[in-house]
Amino acid sequence: MQKAEPGTLTKEGLQTTENYPRRQALLVTALLAPGAGLAASLMAVVTMGILFFVAGTPSPAELFGDYVLKHIDVYTFLRLLLTFSPNAKTIPLGLALLGMFGVGTLLSWLYATLVRVKLPTRGYRPTLREWLSALAFTVVMTLTGVVLFWNELRQNHFGLPIEWAVLLTALALLADFSIYGVVLCLAYRALLPKYPPPGVAVAAHGRRQLLARAGVAAVSVGAGAGALGLVRAYLNDYAAYDGMKTYPHDNVTAPITPNSEHYVVTQNAIDPAPNIDLWRLEVTGLVNQPGTYTYEELQKLPSISRAVSLECIANGVGDHLISTAIWQGVTLRTLLAHHGGAQGTARYAAFYSVDGYNMSLPLDEVLAADALLAWRMNGVELPARHGYPLRVLIPGRYGEENPKWLTRVELTDHFVQGLYSSQGWYNGPLHTMSRIDHPRGKVALGQPVEIGGIAFAGNRGIQKVEVSVDGGTTWQQATLNPPLSPDSWVFWKWQWRPLMAGSYTLVARATDGHGEVQTSRNQGTVPGGATGYHQVTVVVA
Ligand SMILES: Nc1nc2c(c(=O)[nH]1)N[C@H]1C(S)=C(S)[C@@H](COP(=O)(O)O)O[C@H]1N2
Ligand SMILES: [Mo]
C-alpha cells in the first residue's frame, strides 16, 4: 500500500502538509463554495415545495412576491403585468425562484469566509466553527424572512386560521433555512480538498474524495430534478382562469351569470384550497364578544339571498369583467349582532382572507350597504375560485373590495391597508356604467331593431338609461327591466327603426339612483376605474 508521506507531492497535488498558498486557497474556496451553495439552495427549494404541498405554507419566493406587490405603485404594477403578460404570475415567481438559487449560491462565499478552513483540511466532519456558522446563517435568514415578510406570513393554502398560519409559515421558513444551513455545512466540508488521514492509501483517499464530491453533485442533481417536479406540480394548479370574462350569448347578457361563466380575478398564482376541518371564521377586534365559527356553525346563522353584481375596477368601458349571482349568507349586521355588536371605538371593518389578501372599509358604510358574508352562490356551495368557503360582498364597491376565502372579520379604530389600496388604486364607490350588448355589425334598413344592454351603479341603483344613435347629440329614454335586487345590474332596451342607410354610432348613458348622470369623461381603468360612454358603430343597409 502506498502511503502519502507528509510533504509528498503526489499526482493529486494535495498530499502535502503545507497549507495552500493564499491565492490557491482562495481560488479553491471560491470554486468549491458555490457548489455547496447550489446543493443547499436546491435542497431548500425542495423542502419549500414539499412543505407547500403537505402544510400549505408559502415559499419565500411567494412571500417575496407578495411583499413586493404591496410596495410598488399601480403604474409599476401595471408595467410588470404588461412586461410578463401573458405569464404575469409565473415568470416573476420563476425569477424569484432563480433569485433564491442565486442568493443561496452566492451566500456560500460569505460562509466560506466565515468558517476560514485552512486548505487542505482534514476529515469529513464539519468543525464546531462550521456548524456554528451554518446555524448563524439559518437563524439570520429565518429572522430576516419573518421580519421582512411579517405581513405575508398569515397565508395558508389549506386555510388555517391566521395565528396558526403565521406560526406555520415561520416554522416553514425555519425548516427551509435549516436544510439550507445543514446541506451547506456538510457539502462544503465534503467538497474541500483534504489530507489523507494517517494509514489511508493515497488512491483510497482520492477515491473517497471523489466519491464525496460526486455525492454532493448527486444531491444537487437529485434536488434539481425534485425541484423541477415540484414546480411542475405547482403549475398544474395554476389559476389560469384569472381574468376570465363573462361574455354575452348572441349579444344578450343573462340576468344571472352561471357560476361557470362568472368573471374571475385573483391575485394568486394558485388559489387557496381551504380544508373545511381546519378553516374557521373569526370575529375579532373591537366587538363586544369575539367568537369563532366552523363552516357548519356558520351555516346555522340566519341567512338571506340577494342578487349582487360584481365588477372589477379593471373593467374597461364596454368590457366584460362584470357578472351577477344570487349570493346566500349572513349579513355583517346580523353577524355582529350575534357578538353583542361593535364597541364604541370601532370605526372600520377589516377583512382577512386565507390567501393573505385583506382590505378594510368604514364600518358605517359596510353596515349601510348591508354587506353579506356568503357561502352559497346561485344555490350551490361557493366554487373554489369564487372564494370557498366564505366571501364578502360589499354592494357599491369594486370587486377588489369583495374578499374571497374570508377567514377573519376584525373591527378596528383605523384604516388597514390592503394590497390594492397600498398600490394606490381607487377605493371609493364604483362609477356608474352602462354597456350596449346589441345590436352589432349590420342592421336592416327600415326594420325595427332593439338596442339593449346593461347598466350598473352598485347599490345606488339605476334610475334611467338613455340611448343615442347619433354619437351623443340626441338621446332617447330606454325602458328598464326591474332589477333583481337593489345591488344588481339593470337591463335596458330601446326600439329603433333606422330609416336611412349609413353608419351610426350608438351611445348609452345611465343615471344612478341618486339622479347623477354617468360621467362622459373618458378615463382609463388605472388607477381610478374606467369612465366614459360605451359606443358601438353599426351599419344600416
Ligand atoms: N382573497 C381574495 N379576494 C379577492 C381577490 C383576491 O385575489 N383574493 N381579488 C379581488 C378582485 S380584484 C376582484 S375583481 C374580485 C373578483 O371576484 P370573482 O373572481 O369572484 O369574480 O375578488 C376580489 N377578492
Ligand atoms: Mo378586481
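Details of the structure are given in the entry above.
This structure is a prediction, so every number in the text was calculated from the model and none was measured.

1. Some points on the sheet that holds strand E13 (residues 449-456)
Strand order in this open sheet of 4 strands is E11-E13-E17-E16, and the pairing throughout is antiparallel. Looking at strand neighbours, the two that pair on one side only are strand E11 (433-438) and strand E16 (479-480), the edges of this open sheet. Looking at chain direction, E13 and strand E17 (residues 490-496) are connected through 7 bridges and run antiparallel. Bridge assignment links Val 449 to a residue of E17, and that residue is Trp 496.

2. Here we look at the sheet that holds strand E14 (residues 462-468)
Working definition: the strands of a sheet are paired by backbone hydrogen bonds and lie parallel or antiparallel to each other. Overall, mixed pairing links the 5 strands, which are arranged E12-E19-E18-E14-E15 in an open sheet. Two strands bound the open sheet, and with one partner strand each, they are strand E12 (442-443) and strand E15 (476-477).

3. Here's the deal with the packing of helix H6 (residues 162-191) against helix H7 (residues 202-236)
Here H6 crosses H7 at 145°, and the two axes come no closer than 8 Å. Note that H6 runs across H7; the crossing there is left-handed. Residues Ala 187, Ala 190 and Leu 191 of H6 lie in contact with H7, whose contacting residues are Gln 209, Ala 212, Arg 213 and Val 216. Considering only residue class, the contact of H6 with H7 consists of 5 nonpolar, 1 polar and 1 charged.

4. A closer look at the packing of helix H4 (residues 90-115) against H6
Packing of H4 against H6 brings their axes to within 11 Å, and their N-to-C directions diverge by 60°. With respect to H6, the axis of H4 lies oblique. Between H4 and H6 the crossing geometry is right-handed. Contacts from Gly 104, Leu 107, Ser 108, Tyr 111, Ala 112 and Val 115 of H4 reach H6 at Tyr 180, Leu 184, Cys 185 and Tyr 188. Considering only residue class, the contact of H4 with H6 consists of 8 nonpolar, 2 polar and no charged.

5. Section: the pattern of salt bridges
Within this structure, the stated rule accounts for 15 salt bridges. Taking the shortest distance from any N to any O, the salt bridge between Glu 282 and Arg 408 comes out at 3.3 Å. Of this pair, Glu 282 sits in strand E1 (residues 281-285) while Arg 408 sits in strand E10 (residues 406-412), and the two are 126 residues apart along the sequence. Relative accessible area serves as the criterion here: at 10%, Glu 282 is assigned to the buried category. Between Glu 410 and Arg 408 there is a salt bridge, with its nearest N and O atoms 3.7 Å apart. You can call Arg 408 buried: its relative accessible area is 10%. Through salt bridges with shared partners, a single network forms among Glu 163, Glu 282, Arg 408 and Glu 410.

6. Thoughts on the packing of aromatic side chains
Any two aromatic rings considered together are summarised by their centre-to-centre distance and by the angle between their planes. On inspection of all chains with the given rule, the structure shows 16 aromatic pairs. Ring geometry for Tyr 67 versus Phe 149: centroids 5.9 Å apart, planes at 65°, classification edge-to-face. With a gap of 82 residues between them, Tyr 67 in helix H2 (residues 60-70) and Phe 149 in the loop between helix H5 (128-148) and H6 connect regions that are remote in the sequence. Residue Tyr 67 is classed as partly exposed on the basis of its relative accessible area of 24%. Their ring planes at 85° and their centres at 5.5 Å tell us that Tyr 111 and Tyr 188 sit as a pair that is edge-to-face. In this pair, Tyr 111 is assigned in helix H4 and Tyr 188 in helix H6, connecting sequence segments 77 residues apart. Pairwise contacts between aromatic rings join Phe 77, Tyr 357, Tyr 420 and Trp 425 into one cluster. Here Lys 194 stacks its cationic end above the ring of Tyr 124, 4.2 Å away from the centre of that ring. Seen from the ring of Trp 475, Arg 509 lies directly overhead, with NZ or CZ sitting 4.0 Å from the centre.

7. With respect to the site of ligand 1
With respect to spatial proximity, 20 residues lie near ligand 1, and among them Tyr 263, Gln 267, His 386, Arg 391 and Lys 404 are the closest. Residue Gln 267 places a main-chain N or O atom 2.7 Å away from an oxygen atom belonging to ligand 1. Measuring from an oxygen atom of ligand 1, one finds a side-chain N or O atom of Arg 391 at 2.6 Å. Its free accessible area being 530 Å², ligand 1 has 99% of it covered by the protein chains.

8. With respect to the side chain of Lys 194
Along the polypeptide, Lys 194 turns up in the loop between H6 and H7. Buried charge without a salt bridge: Lys 194, with Glu 130 as the nearest opposite-charge side chain at an N-O distance of 8.6 Å. Of note is the side chain of Lys 194, whose polar atom sits 3.1 Å from the backbone oxygen of Ala 190.

9. What to know about the nonpolar core
Ranked by internal contacts, the top residues of the largest apolar core, which has 52 residues, are Val 45, Tyr 111, Leu 153, Tyr 180, Leu 184 and Tyr 188. Looking at this core, the elements with two or more residues in it are helix H1 (22-55), H2, H4, H5, H6, H7 and strand E5 (348-353). Top contributing element to this core by residue count: H6, with 13 residues. Each of domain 1 (22-235) and domain 2 (259-423) gives at least three residues to this core. Discounting chain neighbours no more than four positions away, the residues touching Tyr 188 are Thr 29, Ala 33, Ala 36, Tyr 111, Ala 112, Val 115, Val 117 and Val 183.

Here is what the cut-offs are and how they apply
Residues numbered from 1 in each chain as written. Chains lettered and ligands numbered in written order. Predicted model: local features only at pLDDT ≥ 70, side-chain atom pairs only at ≥ 80, totals over all residues. Heavy atoms only, no water. Pairing = 2+ DSSP bridges. Helix = DSSP H or I, 4+ residues; strand = E, 2+ residues; numbered from the N terminus. Axes fitted to C-alpha atoms, helices over the stretch in contact; angles between N-to-C directions. Left-handed = near helix turned anticlockwise from the far one by under 90°. Contact = heavy atoms within 4.5 Å. Nonpolar A, V, L, I, M, F, W, Y, C, P; charged D, E, K, R; others polar. Parallel < 35°, antiparallel > 145°, perpendicular 65-115°, else oblique. Salt bridge = Lys/Arg side-chain N within 4 Å of Asp/Glu carboxyl O. Buried < 20%, exposed > 50% of the residue type's maximum accessible area, 1.4 Å probe, protein only. Phe/Tyr/Trp six-rings, centres within 6.5 Å; stacked < 30°, edge-to-face > 60°. Lys NZ or Arg CZ within 6 Å of the ring centre and 35° of its normal. Near = heavy atom within 4 Å. Polar contact = N/O pair within 3.5 Å; in protein donor to acceptor, adjacent residues only side chain to side chain. Areas by Shrake-Rupley, 256 points an atom, 1.4 Å probe, with all protein chains shown as cover. Lys, Arg positive; Asp, Glu negative; His and termini not counted. Core = buried A, V, L, I, M, F, W, Y, C linked by side-chain atoms within 4.5 Å. Domains from an automatic or database assignment.

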